[in-house]
Structures are given as structure tokens and as C-alpha cells.
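What follows is each chain in one-letter form.
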4 protein chains.
Amino acid sequence: MSSMIIVMKKDATSEDVDHVVERLSSIGCESHVSVGQRRTIVGAIGDRESIQQIPWEAMPGVDRAVPVLKPFKFVSRDFQDEDTVIEVRGVPIGDSSQFIAIAGPCAVESREQLFRTAEAVKKAGARVLRGDAFKPRTSPYSFQGLKEEGLQLLAEAREEFDLPFVAEVLDPRDVELVASYADILRVGTRNMANFTLLQEVGRQPKPVQLKRGFTATIEEWLNAAEYIYKEGNHQVILVERGIRTFETASRNTLDITAVPILKGLSHLPVIVDPSHSGGKRELVVPLARAAVGAGADGIMVDVHPTPDTAKVDGEQALLPSEFGDLMNSVRRLAAAVDRSV
Amino acid sequence: MSSMIIVMKKDATSEDVDHVVERLSSIGCESHVSVGQRRTIVGAIGDRESIQQIPWEAMPGVDRAVPVLKPFKFVSRDFQDEDTVIEVRGVPIGDSSQFIAIAGPCAVESREQLFRTAEAVKKAGARVLRGDAFKPRTSPYSFQGLKEEGLQLLAEAREEFDLPFVAEVLDPRDVELVASYADILRVGTRNMANFTLLQEVGRQPKPVQLKRGFTATIEEWLNAAEYIYKEGNHQVILVERGIRTFETASRNTLDITAVPILKGLSHLPVIVDPSHSGGKRELVVPLARAAVGAGADGIMVDVHPTPDTAKVDGEQALLPSEFGDLMNSVRRLAAAVDRSV
Amino acid sequence: MSSMIIVMKKDATSEDVDHVVERLSSIGCESHVSVGQRRTIVGAIGDRESIQQIPWEAMPGVDRAVPVLKPFKFVSRDFQDEDTVIEVRGVPIGDSSQFIAIAGPCAVESREQLFRTAEAVKKAGARVLRGDAFKPRTSPYSFQGLKEEGLQLLAEAREEFDLPFVAEVLDPRDVELVASYADILRVGTRNMANFTLLQEVGRQPKPVQLKRGFTATIEEWLNAAEYIYKEGNHQVILVERGIRTFETASRNTLDITAVPILKGLSHLPVIVDPSHSGGKRELVVPLARAAVGAGADGIMVDVHPTPDTAKVDGEQALLPSEFGDLMNSVRRLAAAVDRSV
Amino acid sequence: MSSMIIVMKKDATSEDVDHVVERLSSIGCESHVSVGQRRTIVGAIGDRESIQQIPWEAMPGVDRAVPVLKPFKFVSRDFQDEDTVIEVRGVPIGDSSQFIAIAGPCAVESREQLFRTAEAVKKAGARVLRGDAFKPRTSPYSFQGLKEEGLQLLAEAREEFDLPFVAEVLDPRDVELVASYADILRVGTRNMANFTLLQEVGRQPKPVQLKRGFTATIEEWLNAAEYIYKEGNHQVILVERGIRTFETASRNTLDITAVPILKGLSHLPVIVDPSHSGGKRELVVPLARAAVGAGADGIMVDVHPTPDTAKVDGEQALLPSEFGDLMNSVRRLAAAVDRSV
């Protein structure tokens, strides 16, 4: 049956229709032509990838080409029905009976800052530590991260507090380095469509958190996940972190609807980041709780011992004590949806 | 202190600055001029409304005018610190210990359709009935509602099932009519900035649900609420129903972050509409649950006995049995945030 | 041929397909079923309006319904191939050999303000005067217009300077009043989806400027035009005035691409408003010139003798002398696309 | 004078204010405190970069921090008043008396395709050839470019037709390779915030075209340009190519307003891409003409000898003959704004 429906223009000629049919034939596909009073429609039958490569709308007489099937394959529920569960040092991400909290500083700034935070989040119930050593910054004059020194501190914190950690990688040249330290690599929102980076993280063995580009559609996001999957790395974790809209009262607009949509379209785990989406401390708790209700597999939260000296995104960091309150609240809600924290 | 900060251009002259100062003086306001190496800044001190009327950025030498205070007043937490609770036939909307479900058909189509739905939602725990008699439709060829006959049916259902009801009003000429039947009037998303309609509903005694324009900022929304409040009607209920973004996987993007933001800025009750925001049946339950987590005071849900014959928005209507499941789920979550349904 | 293509879900049953086929049959339409290996597709053949009313996506087993034809009819190029040209007191709007400038104050504030402006814009080459007597304002504390007194002043200016005028109408109750004075009525951006207002202006004999809702798609805009047209008023002028996006450097984002798209889809005249879209005086001239290049039929420009005392939108108003410069520049560009000003 | 204005909350304590003042003092900056009846405001006086690093809004009692100055420096008109003109093999980009056309295939597919196109665009008046050897593709199943072979073909075409060429670079590891062939490097829309790539192109000697991220604000775009500039490469060309909005009738929404805004904020050349913004062949000519009117320094246009066999973006490619017509039209319009093509 059709992989693509090609709607001809009102004034398309029979030559135009023949042209489309011949083109399909030339790539080994069949066509089903439906001639009507006002428009002719051609159904393209055959290999999805071949058909989607052709610029149908560039052909004379073609009005629109409507894909019937999604462009991604491996990351789709059509391909794999059961949920992917990713085990990281014993922590199962994507298991529908659990709700995983990932927490830590946005950027690693010092041993003291990192260790104080790690100790607190562990105590409050976080299962994975976050902390970045490479930071993408809008302004070239902003702090760019401690680089390898930061990764070393994270590795030490892992041992000290028995917490696997996730860290961002910005550059394909750094993938090997980051993968040699981190338990999970993160591709950040600005790099979701950095395809050479996606390919590199797809070729190494560690799980990858793929943040949604703040301007990416869900379909583009799943295509980006497909890039990683296709290279052989099947451990992809999707992180919703807000999209850019006209609203300026919050830093971004958390697309909470993306959670159930992704759960329908894909088998991959879905995490919500309530810190970067809202961009303000007082929004973190309500957004984290909304994530539980929406069916996410977990949250990722910025915590900092002294947010007003933070080098990155202090406005949104919770104090350790606030994170403890958040976990208490999340725990109750998670129980109400049959998940343990 | 300053109600407005006026930043002069780099090359503004002293005459430009004097002009600003004189203009402030002419409306009875004071100014505080801060001369720097690169820019001069004027703080405008005095009555907020007077200062916000002036087109500062139209003046020679002015780069930007930054308001320090919000443009709305009565609907702000600054004006009233305690939550507004609106009682409708004994149902308290905005009470932080309760979570209110409003449910019913998108449009009233017939007595049977309405009564079957009303009976089911009442039984499942809804406290208010929804059902519209006037429908705004994008296409002039679509069903526009039963008009007064629909209101009569709603009034009968109210008596039969002991459920107050909310109904939309589209036209200032219909306000009196709708108010003579309904317990709560609704101003829909397309009319949020229909200022003459806002004024009319502000001059009648029934509570008003004000849906967010799907393209309105939170600040514009609160300004619209201010229009109603200022006319003397203090019973305004805010309904978040999704905003328009680039994402096409859902009909709109539910701005769940708006819930805690509104709770911070305003004292008015906040309801979430998970039906119109997502636009698809399978999204309603997760979005309703997210609303509980985010701190909303309730939800408003489309229910229809036979969605695939619905004249409006059948794609998003729950079956009565599905609504029952939703209520069971919402009840558990609400308990986890100390609210009863 | 098909008016709608209904794509079934992967796991749709043959009962689901039968259900769709029966539903089509029940509204007097035929169906064409194409069964494939992975999906079944049903083409719905018959009356467009009937088919588009059905909530196909609410039916069991239906994945998506893709309309083949646009929902609007009379305003479409399919319905009328030649351009609509609207004559207003001898001024032809929509004539591809002319480029029409409409100019005047955003709001009428006083006889002196209006007459000084009208005299200047007439001298510079404007063919139509603008000036509003009813103003929709985001804040209830802002100036709302001179109402009927403003219309009287506009009528006097028309006689004095031999300029037909356009004025906004906000409320269905005021349509008769505004139509008794103005040569062209305007439905503003906030009222583009105020369907009862659209119907009222569709039932009176004066031409109507229909501004694009700043959040409306082009398809919704043409549907709104269809509302007016369907009531019997065929004199509709489309005004592009910018859409709401994430960019905050300009008030709105002028969608210049809408001009050629509208020219392809519809036969109605298209005017560009460079004042309200940019929201800043220095942007008006470049945007007006871009409108010429894009193929618009004219521009509508705010002019004010003393912008920094303007009661509405002074930031974007040109001085009369600046408007003269604009017209000189536009005249040269229009000549380069074979239009006279 | 102030680089940042810090507005305290209504209920901020004097300790909160002292804290802000001490923090400023600790980074060598001064403060100006203005105490009002309802709010206190602190003006931060001193080094812009130092002040903008601090997370002011994370501090207790702080409501908002409003920057007075832009975060970018070298690319700003404040830093350099005269226009930057970039000479590429004798072609001056950014010269206000000229309008430069850049044209060629989206992707290099073969010698014949490239040479046929290059010959045609040269003849029609293009001054620079475009053609990519590395293509970022949304789907991993799409054609990714000929890589070095493509660059070799471009270099041969340059000699054959005496046309400098621009080519995209996707990966920091390829910068040296691309720079060894191309006359201008391009950073594409998906990589505008790929900061390590920006730094690499900033460290090599060839001019760089920086496309706007389709979701980037103008301020973020200029920050990205600052990244390149700060590394020592002052030859940055800005390319507006449309932004993502809710409108789906065109691929993206060309932000024509960005042209005059950039010309006000920055001294860098501004080029418009009418092909990728509209995404449809019939939109290219009107958008190119709008670019002339808006004051752009040139256009970049996709041309292909057989668009319906194009491997990338055939929908938007002009035929060589259509490009000739476009140039004739652009030449007339450019003359009307005193530019030669």
C-alpha cells in the first residue's frame, strides 16, 4: 500500500501524471492512480526510504506529497513494541514501575560545589548525578566549563557517593574523552541536529541522553534519535526540556504533551527537565510534579549549594533542601501512578 | 520609585533628556536622571497608568522604555494576597483543598446526547457540566450550535442532575441571554481579546471563565481578566487550553508552566482544559494528570456518548467510561497533593 | 475523486474500515479502499463540506484524515481566476498596475491632528485615509477612541481632502454606525476570528479590510474571508500585519511570504501594514519597500504630526515629512515592478 | 552608568539589597540604589561582561535583572560605525552600492549538474557560486553529500567559470579541509549555536557565512557572530533564511524585518536566502525582490538544471532560465534603490 500520497494540481496534465508514475517505476516502486473530477491522486507503493528521497513537489503538476508513514524506523513502536529499559550501573531508566531522579549542578565548578551537591541529592533519593564539564554558552564571554578536570571530579564523586553520572558532549572530537569517564553522554538542545555528533555518539557504547532541540518538532527529534540508533547504539534516552514559543514569562514552554505523544510513537525512555524549561527556581517543583502525572520515566533537576554564585543558570537551581522537598512530593505522586522513586 | 525606566540612546543629546523630563513633569510625575559614560537612564516616578500611556519610544533619543510594574492591577497578587474562591451552587472553584472536574459535551447537539453525558459525568464525580449552545467555528460551513434551544436543554439537565453548567458566549448581544440560563459564562479562546465582549460579561453578575487566547501571553491574558474585573465582576476563572506553537503533533501545546506562573502573579482560580489543548482522545488523561501535578484548581473535559458522530471536536472527546477511568486516576493524584475531588 | 484521504492505523480491523465506508455512504459519499501490506487507506469521494464535517479521527482504527481540498471556496482562485479589484470612490484596490498607499493616524485624536495628517498624506500621494474611532486596547486603562465623534471628523476630512477613509469596527452592534460613515470597514487583528462580527460586516454593502490575526494561519485567514464573502459581501481586502513569533526585536514578524502565497491561493487584494508589524518607526520604510517587491497591492501606514504625543502606537508613526520620503522611494520601486502609485 | 538594572521584589529586605550591592562591589563594580515606595532598584555600574555573568535573579529578593547593553560587542555598530565590506576574489559583499547574487545547486551531485548550473548562473549575473559537499539531513536515510569530491568539483567550476564559491562545513574536524578549497565557508542554520564549530571557523582565514538558526533570535545570532569575530576572523556574512513559526504554508517564515534590524545593530553584511525560507519554487522570485526592497546586500538562490531529480531540496530550486528572469527583475529593483547587480 502507499508510502506516499501524491496529490496532483487541478490543472495537471496526463503527461504530468505519467511523469510521476514513471519516476516511481524507475526506483522499483508501483503506483496506484485515482482519477477524479477535480484532482488526480497517485499512491506510491514500495520502499519508504526510496520514495521519501524524491522531491515530488518539484515535479510539474504536483501539488502536494503527503507521507503516510513516519520517516524514522528503529526508534518507532512499529519496530519494537515493548519499552526499552536502559540499565546504568543497576539503575533502570524506562522501567514503567519506577520513576528516576537525576540531579546535580548544571556545571561542575569545583570539588566542593560538586561533592556537597552530590551528597545531598544522593541522600534525597536521586539515582543518577548530573554535572557538565563542557558547557555551550550563548555568549563567548561566559564560563565554558572545567573540561577534563570536571570529568575527573565527576568520576570521583561517582565513587564517593555511588552515583552513575551523565555529562554533556559538545564536539565530535570529545566523544571518546567524555565516554571514557561518563556513564551516560548527553547531546544538548543546541546540538540535537548536529548530525556528525549524533553519529559519533552512536558509535560508542555508552547510553546517550538526547535533549530535544528547543525548536525541534517531535518528528525531527525522533529522526535525531534514529541517527544514533542506526549507528548501532540502541540506548537512547529522550529528554524533553521545553520549546521556544512566543511566551516570555518562562524561559521556554515545557511541552508536557510530548511525553504521552512520545510514549505512543516510540519505545524509548522519556525524561523531563523541569529546570531548563522553566528557567526559574519556583517553577521546578510544579513542573516536576506535572512530569509524574504526564507519564514520564523520570526528571533531571539542577541543584546547587549556592545558586547565587553559580557560574551557569543559577536562577533555576534548587538548594539541596528544596530538592529534598521536591523528592518527598514526587514520591507521593509517583505512588499514585504506581511508580516507585 | 520608578514605574518605568527609560534608557536613552548612545547619541542622545541633553535636549532629548530634557524633553523626557519635561514630559514627565507635564503629567505630574518626577524623574530621576542617571548620567553614565555610555548611556543616560531616566527613572519615571509617579502614577503607573499615566506613565504607561506615553509613547516613550517615539521620543527622540529614547532607546527603550522598560516597565517596572505590571500593567494589570486588580487581578494581581499585589492587590489581593489570598486566593479568590468562587462558589457556584455550592461548588467552590479556587479552593486549594479541592480539585474540581467540569465535564460534558463540547457542543449540545440533542437532549439525548446531553442527558446521557450529564448523567455519566455526574456519576463519575464531575461537579460542573459543560456544553455549548453557541460555537465559534473556523469554517462558515461548520455546525454553529443550537443557540437558545441548547441553553434550555442545559438548564433542564442542571435540574435533572443537580449540576451547575458553564456555556460559551460569543457576542455582546447574547450576554444577557446566556447569563439568564448559565451558572458560569465562558469567553472562548478566540474572544479573549474581544474587549467589548469582556466589558459586557464584566457588567453582569455570573462568574466568567476566561480562556487563554491560544496566542496570548500570560500578561495579555491577565489584562483581559482585568477588563472584566474592572467593570465590577470579580468572579473570573482562568482556563489554560494550550497555545499555538510550531509543533503539529498535538493540536496546541498545553502551557502547563502557566499554572504555577498564574498562581504566583494572580489570586484567581486556574483550570486546565486537557481536551482542546491536545486535540486527541489519547492525550486527555495524561494531560489531566499533569494538571493535578502542576497545581491547577481543576480540569474541564469534553465527553461525548458517541464521539464519532460528534458535530464538534469528536477527535478529543472521551467516552463516558473513559471519563470514569480518568476520574479514578485524578482522584488518586489529587490526594497526593492534598486535594479532594 | 477524493476530498479526504483517511489513513487507517496499522492494527485497524476490517470492521474499522467498514465503519468508515458506511459512514461515507450514510452522507451520500463514495469510498475508494486501498489495502496495503502495512496500512489501509480510504479515499472519501463526494461533497467537500459534508466530508469535512465528520470527525474521522475519532473513529476506531483511524490514524489520520488528510484533506485534499482547501476548506474555503468562494475566496479561492479555483472559484474565480481573475483578480478582484475593489473600487472605492474611484480608487482601484487590487489592480495589478497600481500600488495604493493608505495612510493616516492610528487613532483619531482631534480635528487638528487628523486634518494636519490628512493634508500631508494626500499631498504625498496617499489615495485612502486611515484613522480609527474605536480602538481595541490590551489594557483597559488605555485610550479607547473618540467613537462617533471620530467618525464625524473622518467624514469631514474626506470632504476637505477628497480622500475616502477606512475605519475599524470592533463590535457587531457598531457595524451599522461605522458603515454609515466609512468608505471601507476594517476588522482588526484581534477580531479576525470574531465570527459574529465577520457575519455582520458581510451583510452590509461597504468593502471590508480583513487584517490577519497575528496568530492566524493563512488558511484560517482565508476561512475568515469566506465568512464575509458567504454573507454576500464580495469586497474583501486582506491586510498582512505581522504574526507573533519568538522574535522580540520587532513587535511582530511581518510574514512577507504570505503575499505571494495569498496571490496564488486567492483572487482578493493584498495590502501590507509595515507600521503595526514592525512597531518601530525606523522599520516602516524598509518594510514598505519589501512589500512592493513581494507583489502587494498597496500599503497602509501610520502617520502622526507629533508621534511622541500620540495616544496610540506613537512608536511606529511616521512624521508627515518621513511619509513623503517613503512615498518617493516606493514610487521608484513600484515603477520597477510596473505599477504606478 | 548602569550596565544592568536590578529590580527588587516588593517584599525584598534591606539585607537583600545589601547583598546585591556587596556582590557588585566584590567584582569591582559600583551600584546606584534608588529606594521607592513600592520597589527598590539597583543600577549596576561597571564592566559589562563581569556584570552579565552573575545570576542576579537567583539572589534573594531580586525580581528581575534588565540588561541595558547588548551582550555582543565587536559585531555591533557601537564598536564599528562603518559597514564591513568583504572582498572575495574581487567581489565586494556588504558594499551599499552593489547587490550580490550568489547562486548554484543546493548540493553538488555530479560534474555535469554543477557545471551546467555554474555556467547558467554566471551568465545570468551571479557573482558567487554556491554548492555543498557536506549536507546536514534531518533523516539519516537521506543523501549526505559528495564530501571532498564535491569540493574538488567546486574548485574546478571556480576556475572554469571564474566564480568564487561558498560551501558549508558541518564538523569542526572538516574546517581545514573545506577552507583549503572554498572561498567562503558556511555555517548552516542547524549549526548556528554549535559553538566549537564557530570557534574553529573563527581561527581560519576565509570569510564565513553565518546562517541564522531557524529558531534563533537576532540577539543570539549576533552572539554567534561574536564567537567567530572574537577568535580573530572579522569576515562574517549574516544570512537570513527564515524562522520557524506556526505557519505551515511556507517551509519557514522569512524574517524580512531582520534585515533593517541587523543593519541598525551591526556593521556586518546581510544576505537573504529566498530559497530555503520559502521552500517552494514559486516563492523565490517575490522573496528575492522583497530582499532588495528591505535593504539586503544580496541574495543566495538554489538553482538546479533538473529540480525533480535533485537529491536535496528540489522543491525550491529554480531552473536556470527562471534564475535568468529573477536576475532581470532584481536588476530593475536594485537600480530603484541605487544598487548595481
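In the block above lies the structure referred to throughout.
Bear in mind the structure is a predicted one, so any value in this text is a computation, not a measurement.

Criteria and thresholds
- The numbers attached to residues start from 1 for each chain and follow its sequence in the written order.
- Here every chain gets a letter starting at A, and every ligand a number starting at 1, in the order they are written.
- For a predicted model such as this one, the threshold for reporting local features is a pLDDT of at least 70, and the threshold for listing and counting side-chain atom pairs is 80 or more; totals across whole chains, interfaces and linings nevertheless cover every residue.
- Water and hydrogen atoms play no part in the side-chain values, which are based on all heavy atoms of the structure.
- Put simply, DSSP H or I for four residues or longer makes a helix, DSSP E for two residues or longer makes a strand, and each gets a number counted from the N terminus.
- Each residue is placed in one exposure class: buried if its accessible area under a 1.4 Å probe, protein chains only, is under 20% of its type's maximum, exposed if it is over 50%, and partly exposed if it falls in between.
- Two residues qualify as a contact provided that any one of their heavy atoms is within 4.5 Å of a heavy atom in the partner residue.
- DSSP bridges decide pairing: two strands pair if at least two such bridges lie between them.
- Think of each axis as a best-fit line through the C-alpha atoms, taken over the contacting stretch in the case of a helix, with angles from 0 to 180 degrees between the N-to-C directions.
- Accessible area, probed at 1.4 Å, shrinks when two parts are joined; the buried area is that loss added up over both.
- Any carboxyl oxygen of Asp or Glu within 4 Å of a side-chain nitrogen of Lys or Arg constitutes a salt bridge here.
- N or O atoms within 3.5 Å of each other form a polar contact, as long as, within protein, one can give a hydrogen and the other can take it, and as long as residues adjacent in sequence are counted only when both atoms are side-chain atoms.
- The superposition of copies rests on a least-squares fit of C-alpha positions from residues with pLDDT of 70 or more in both.
- Cavities and pockets were defined on a 1 Å grid built from protein atoms only: a cavity is a group of points that admits a 1.4 Å probe but offers it no way out, a pocket is an open group of points flanked by protein on both sides within 12 Å along at least five of seven lines, and a lining residue is one with an atom within 4 Å of any such point.
- Grid points are joined across faces, edges and corners, and a volume is the space filled by probe spheres set on the points.
- Grouping buried Ala, Val, Leu, Ile, Met, Phe, Trp, Tyr and Cys residues that are joined through side-chain atoms within 4.5 Å yields what is termed a nonpolar core.
- Only rings of Phe, Tyr and Trp enter the pairing, Trp through its six-membered ring, and a pair is recorded when the two centres are within 6.5 Å. The plane angle decides the type: under 30 degrees is stacked, over 60 is edge-to-face, the rest tilted.
- Each ring is checked for a lysine NZ or an arginine CZ that lies within 6 Å of its centre and within 35 degrees of its normal; such an atom marks a charge sitting over the ring.

Trainee: How should I be thinking about the overall build of chain A in this particular structure?
Mentor: Each helix and strand counted, chain A has eleven helices and 14 strands in total. Seen along its three principal axes, the alpha-carbon backbone of chain A occupies a region of about 75 × 45 × 40 Å. Among the 341 residues that make up chain A, the fraction classed as buried is 69%. Here the analysis covers contacts within chain A between residues at least 6 apart in sequence; of these, 68% occur between residues at least 24 apart.

Trainee: Could you clarify how one ought to interpret the side chain of D:Asn194 in this entry?
Mentor: Relative to the helices and strands, D:Asn194 is located in the loop between strand 10 (184–187) and helix 6 (195–202). With relative accessibility at 1%, the residue D:Asn194 sits in the buried group. Ignoring any residue separated from it by four or fewer positions in sequence, one finds D:Asn194 in contact with A:Asn191, A:Asn194 and D:Leu170.

Trainee: I tried to follow the sheet that holds strand 10 (residues 184–187) of chain C on my own but got confused; where do I start?
Mentor: Whenever strands of a sheet pair, they do so through backbone hydrogen bonds, lying parallel or antiparallel. Residues and elements named next belong to chain C. If you walk around this closed barrel you meet the eight strands as 7-8-9-10-11-12-13-14, and the pairing is parallel. The sheet shows a mean angle of 30° between the axes of neighbouring strands, direction not considered. Note that strand 7 (residues 100–104) and strand 14 (residues 298–302) share five bridges and pair parallel. Along strand 14, the bridge assignment pairs Ile102 with Met300. Here helix 4 (residues 148–161) sits on the sheet in contact with strand 8 (128–130) and strand 9 (165–168), set at roughly 170° to strand 9. Helix 8 (residues 258–265) contacts strand 12 (236–240) and strand 13 (270–272) of the sheet and is inclined by roughly 170° relative to strand 13.

Trainee: Help me out: how do you make sense of the interface of chain A and chain D in this one?
Mentor: Frequently, the measure chosen for interface size is the accessible area that the parts lose on association. The partner chain D presents 50 residues to the 50 residues of chain A that form the contact. In total, chain A and chain D occlude about 4,200 Å² of area from one another, counting both sides; carbon and sulfur atoms represent 51% of this. Taken together, the links from chain A to chain D amount to four salt bridges. Residue A:Glu200 pairs with D:Arg173 through a salt bridge whose shortest N-O separation is 3.0 Å. At the junction of chain A with chain D, the criterion picks out 23 residue pairs in polar contact (both at pLDDT 80 or more). At the level of secondary structure, the elements contributing two or more residues to the side of chain A that touches chain D comprise helix 1 (14–26), helix 2 (48–53), helix 6 (195–202) and helix 7 (218–230) of chain A.

Trainee: Mind showing me how you'd approach the relation of the copies chain B and chain D here?
Mentor: Here the second copy of the chain follows from the first by a rotation about an axis and a shift along it. Take chain B, turn it by 180°, move it 0.0 Å along the axis, and it overlays chain D with an RMSD of 0.1 Å. Expressed as a symmetry operation, the mapping of one chain copy onto the other fits a two-fold axis. Of the C-alpha atoms belonging to chain B, the one lying closest to the rotation axis is found on B:Phe246, 2.2 Å away. Of all interface residues in chain B, 100% are interface residues in chain D too; the two copies therefore contact each other through one and the same surface.

Trainee: Help me understand empty space enclosed by the protein, please; the structure alone is not making it clear to me.
Mentor: Space left empty within the atom packing is revealed by a probe, the size of a water molecule, rolled over the atoms. Summed over the entire model, instances satisfying the criterion amount to eight cavities of 30 Å³ or more. Taken as a whole, the largest cavity holds about 410 Å³ of empty space. If you trace the largest cavity, you find 25 residues lining it, with B:Arg190, B:Thr215, C:Thr189, C:Arg190 and C:Thr215 closest to the centre. The set of elements that each furnish at least two residues to the lining of the largest cavity consists of helix 7 (218–230) of chain B together with helix 7 (218–230) of chain C. Per-element tally for the lining of the largest cavity: the top contributor is helix 7 of chain B, with three residues.

Trainee: Just checking my understanding: could you explain the relation of the copies chain A and chain D for this structure?
Mentor: By a simple turn and slide, chain A fits onto chain D: the slide is 0.0 Å along the axis, the RMSD is 0.0 Å, and the turn is 180°. By residue overlap, the copies meet face to face through one surface: 100% of the interface positions of chain A are interface positions in chain D.

Trainee: I'm lost on the pattern of salt bridges in this one. Help?
Mentor: One side chain can pair with another of opposite charge once the charged atoms of both are near each other. On inspection of all chains with the given rule, the structure shows 108 salt bridges over all chains. Between A:Asp183 and A:Arg89 there is a salt bridge, and its shortest N-O distance comes to 2.8 Å. A residue pair is termed long-range when its members are at least 10 positions apart, and A:Asp183 in the loop between helix 5 (175–181) and strand 10 (184–187) and A:Arg89 in the loop between strand 5 (86–88) and strand 6 (91–93) qualify at 94 residues. Look at A:Arg89 and you get exposed, because its relative accessible area is 55%. A salt bridge links C:Arg173 to C:Asp171; the shortest N-O distance between them is 2.7 Å. Take C:Arg173: its relative accessible area is 38%, and that puts it in the partly exposed class. Looking at C:Asp171, the relative accessible area reads 2%, which means it is buried. A single network of salt bridges, built from pairs that share partners, joins A:Arg130, A:Asp132, A:Lys135, A:Glu168, A:Arg186 and A:Asp302.

Trainee: What is the right way to look at the nonpolar core in this model?
Mentor: It is characteristic of soluble globular proteins that their nonpolar side chains tend to be buried jointly. A:Leu210, A:Phe323, B:Leu210 and B:Phe323 are the most contacted members of the largest nonpolar core, which totals 169 residues. Among all residues touching A:Leu210, those that are not within four sequence positions of it are A:Val187, A:Met192, A:Leu198, A:Trp221, A:Ala224, A:Ala225, A:Ile228, A:Val236, A:Ile237, A:Leu238 and A:Val239. Counting residues in hydrophobic clusters, the runner-up holds 164 residues, among them C:Ala101, D:Leu222, D:Leu333 and D:Ala336.

Trainee: How should the environment of B:Gly295 be read in this particular structure?
Mentor: Residue and element names in this part refer to chain B. The residue Gly295 is located in the loop between helix 10 (281–294) and strand 14 (298–302) in this model. Given the relative accessible area of 15%, Gly295 is considered buried. Not counting residues up to four positions away in its chain, the partners in contact with Gly295 are Val259, Lys263 and Arg339.

Trainee: Before we go on, may I ask you to explain the packing of aromatic side chains in this structure?
Mentor: Each aromatic ring pair is summarised here by two numbers: the centre-to-centre distance and the angle between the ring planes. Per the counting criterion, the structure on display carries 16 aromatic pairs over all chains. Between C:Phe115 and C:Phe161, the ring centres sit 5.6 Å apart and the planes meet at 70°, which makes this aromatic pair edge-to-face. Of this pair, C:Phe115 sits in helix 3 (residues 111–124) while C:Phe161 sits in helix 4, and the two are 46 residues apart along the sequence. The class of C:Phe161 is buried, set by a relative accessible area of 13%. Joined through ring pairs, the aromatic side chains of A:Phe74, A:Phe79 and A:Tyr229 make up one cluster. A cation over an aromatic ring shows up here: B:Lys311 above the ring of B:Phe143, its NZ or CZ 5.0 Å from the ring centre.

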